[in-house]
Amino acid sequence: MAIQNFLRAALAAALLGGATSAVAATMPNGKGIYDASCAACHSTGVAGAPKLSDAAAWGPRIKTGATALYASATKGKGAMPARGGNPALSDAEVNAAVNYMIGQADNRSKAAPTPAPAPAPKPAPTVAQVKPPVAAPASQVKAAPVSVAPVPAVAAAVAPAATALAVAGPGAGGVNTFNRLMRPPAQRNLPPAEDGIHDPANDGTHALQPPLTAFAPMSKSGDGNRVDWVKALNDKLITPRTDRNDPAVQPMVMDLNIVREVKGSMPDVVYPHKQHTQWLDCSNCHPAIFIPQKGANQISMASILLGQKCGVCHGKVAFPVSDCRRCHSKSKLAPAPEAAKP
């Protein structure tokens, strides 16, 4: 019944919008649009997409109404890109594909067996069986705790000031929520419309590829967005452009390791120029961050943690300094044993 009501509402919306019977006869081919733009996900259920003809999966979605379903298909939702990843589709074509999928779910629901009737409810207690509540003294009455729900990403776009206060509070994710590399796994690599960076009201945002889809074939890492970018670069899975205007310009890669001796028992630090110059030009670091002269740079963990020297990037856009062995990678030479006395 819900599916039939949905289809009636959709048809009524079209007629109220000025569509005549002649226009209805030339409505877009919903099945053709589904086959071309929707079947890749909705035929297999990838990324949680409701499968075609799966009445159980479509039922809760249909209850939200025609307007909500059309908006989700047009603007995208979760891992689903806007307009099925085809920005050339018109609103009418998107709606026709939705109507086709709803019709398939309707056919399946009619063929489904009728569920067993629910057990009869227990009779309500009589007045004599119900004891009146005893009021507590005023001195023992305590106010119920008030819980504040975290502000969703969409609301952040509407009220950025209020959201900033809510996110910064300890009850909304902890003190490290400002740093995207320290977010919990469930808050990493969100779709562009939900990441709090892109504008969810812009149709172009919903046409962007979700990060989890783009990162799927890449080697994993334990930091940041869980991608080993150096290995992805060496495996030719990504090809960063050296020059914004000329894609033919090649980077000037410097294969040179700088070893900094460290006091104490920690291994020495190795700074590999190769992995950095594959991404960056020398001018990104020299001379503003590091003076290119031996002994001219005083580097300490304190300065790095304060966002200086290596901390300009690491912990912000590169892996954090919590993984010590990524930098302290050169073992110290053990002292030679003393010769045995005769």
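Predicted model, so just to flag it, every value in this text is computed and none were measured.

About the cut-offs
- Residues numbered from 1 in each chain as written.
- Predicted model: local features only at pLDDT ≥ 70, side-chain atom pairs only at ≥ 80, totals over all residues.
- Heavy atoms only, no water.
- Core = buried A, V, L, I, M, F, W, Y, C linked by side-chain atoms within 4.5 Å.
- Buried < 20%, exposed > 50% of the residue type's maximum accessible area, 1.4 Å probe, protein only.
- Helix = DSSP H or I, 4+ residues; strand = E, 2+ residues; numbered from the N terminus.
- 1 Å grid on protein atoms, 1.4 Å probe; cavity = no way out; pocket = protein on both sides within 12 Å on 5 of 7 lines; lining within 4 Å.
- Points joined across faces, edges and corners; volume = space filled by probe spheres on them.
- Nonpolar A, V, L, I, M, F, W, Y, C, P; charged D, E, K, R; others polar.
- Polar contact = N/O pair within 3.5 Å; in protein donor to acceptor, adjacent residues only side chain to side chain.
- Phe/Tyr/Trp six-rings, centres within 6.5 Å; stacked < 30°, edge-to-face > 60°.
- Lys NZ or Arg CZ within 6 Å of the ring centre and 35° of its normal.
- Salt bridge = Lys/Arg side-chain N within 4 Å of Asp/Glu carboxyl O.
- Pairing = 2+ DSSP bridges.
- Axes fitted to C-alpha atoms, helices over the stretch in contact; angles between N-to-C directions.
- Patch = residues over 30% accessible without salt bridge, like charges linked within 9 Å, V, L, I, M, F, W, Y side chains within 5 Å.
- Areas by Shrake-Rupley, 256 points an atom, 1.4 Å probe, with all protein chains shown as cover.
- pLDDT = per-residue confidence, 0-100.
- Contact = heavy atoms within 4.5 Å.

Colleague: Is there a simple way to think about the nonpolar core in this case?
Modeller: The nonpolar side chains of soluble globular proteins are, as a tendency, buried together. Ranked by internal contacts, the top residues of the largest apolar core, which has 19 residues, are Tyr34, Trp58, Val98, Met101 and Ile102. Broken down by secondary-structure element, the contributors of at least two residues to this core are helix H3 (30-42), helix H4 (55-63), helix H5 (66-75) and helix H6 (91-111). At eight residues, H6 tops the list of elements feeding residues into this core. Core analysis: the next-biggest nonpolar cluster, separate from the first, contains six residues, Phe215, Met218, Val227 and Leu233 among them.

Colleague: Would you take a moment to explain the environment of leucine 212 for this structure?
Modeller: Its place among the elements puts leucine 212 in helix H10 (residues 211-215). C-alpha of leucine 212 to C-alpha of asparagine 189: the two residues are 23 residues apart in sequence and 6.1 Å apart in space.

Colleague: So what exactly am I meant to see when it comes to the layout of surface pockets here?
Modeller: Think of a ball as big as a water molecule: rolled over the atoms, this probe shows where empty space is left. Roughly 760 Å³ of volume is contained in the second largest pocket. His42, Ala49, Pro50, Lys77 and Met80 are the residues nearest the centre of the second largest pocket, which is lined by 33 residues in total. Of all the elements in the fold, those that place two or more residues in the lining of the second largest pocket are H3, H4, H5 and H6. The element that contributes the greatest number of residues to the lining of the second largest pocket is H3, accounting for six residues. Residues that form the lining of the second largest pocket fall into these classes: 21 nonpolar, nine polar and three charged.

Colleague: What is the right way to look at the side chain of aspartate 195 in this model?
Modeller: Considering the arrangement of structural elements, one finds aspartate 195 in the loop between helix H8 (160-168) and helix H9 (203-206). At 2.8 Å, the side chain of aspartate 195 forms a polar contact with the backbone nitrogen of isoleucine 197.

Colleague: In this structure, what is going on with the packing of aromatic side chains? I would like to understand it.
Modeller: Two measures describe an aromatic ring pair: the distance that separates the ring centres and the angle between the ring planes. Applying the stated criterion across every chain, the model contains two aromatic pairs. For the ring pair tyrosine 34 and tyrosine 100, a centre distance of 5.5 Å and an interplane angle of 50 degrees mean the geometry is tilted. A residue pair is termed long-range when its members are at least 10 positions apart, and tyrosine 34 in helix H3 and tyrosine 100 in helix H6 qualify at 66 residues. The same class applies to tyrosine 34 and to tyrosine 100, which are both buried. Considering the side-chain rings of phenylalanine 215 and tryptophan 229, the 5.4 Å spacing of their centres and the 85 degrees angle between planes classify their relative orientation as edge-to-face. Of this pair, phenylalanine 215 sits in helix H10 while tryptophan 229 sits in helix H11 (residues 229-234), placing them 14 residues apart in sequence. Between the NZ or CZ atom of arginine 326 and the centre of the ring of phenylalanine 319, over which it lies, the distance is 3.9 Å.

Colleague: Please clarify how the pattern of salt bridges should be interpreted in this entry.
Modeller: Any two side chains of opposite charge can pair, given that their charged atoms come close. Tallied over the full model, the rule gives five salt bridges. Residues arginine 83 and aspartate 91 are paired through a salt bridge, measuring 2.8 Å at the closest nitrogen-oxygen approach. By relative accessible area, which is 14% here, arginine 83 ends up buried. Taking relative accessible area as the criterion, aspartate 91 reaches 44% and is therefore assigned partly exposed. Taking the shortest distance from any N to any O, the salt bridge between aspartate 268 and lysine 332 comes out at 2.8 Å. Residue aspartate 268 is found in strand S2 (residues 268-272), and its partner lysine 332 is found in the segment after strand S3 (328-330); the two are separated by 64 residues along the sequence.

Colleague: Looking at this model, I keep getting lost on the sheet that holds S2. Mind explaining?
Modeller: In a beta sheet, neighbouring strands pair by backbone hydrogen bonds and run either parallel or antiparallel. The three strands lie next to each other as S1-S2-S3, forming an open sheet whose pairing is antiparallel. Each having just a single partner strand, strand S1 (257-260) and S3 make up the two edges of the open sheet. Averaged over all pairs of adjacent strands, the angle between strand axes in this sheet comes to 55 degrees, irrespective of strand direction. As judged from the four bridges shared by S1 and S2, these two strands associate in the antiparallel manner. Paired with isoleucine 258 across the strands is tyrosine 271, a residue of S2.

Colleague: What am I meant to see in a nonpolar patch on the surface here?
Modeller: On the surface, Met254, Leu256 and Ile258 cluster together into a nonpolar patch covering about 220 Å² of accessible area. Its place among the elements puts leucine 256 in the loop between H11 and S1.

Colleague: I tried to follow the confidence of the model for the protein on my own but got confused; where do I start?
Modeller: For residues with low pLDDT, the predicted coordinates do not support detailed interpretation. On average, residues of the protein carry a pLDDT of 75, and 67% of them reach 70 or more. Confidence over residues 11-25 falls short of pLDDT 50; this stretch has one contact with residues more than four positions distant or in other chains.

Colleague: What should I look at first to understand unusual backbone geometry in this one?
Modeller: In most cases, non-glycine residues show a negative phi, while peptide bonds are predominantly trans. Here the bond from histidine 286 into proline 287 is cis, since omega is 0 degrees, no more than 30 degrees from zero. Along the chain, the position of proline 287 falls in the loop between helix H12 (273-277) and helix H13 (301-305). Phi is positive for arginine 83, close to 55 degrees, though the residue is something other than glycine. By the secondary structure assignment, arginine 83 is in the loop between H5 and H6.

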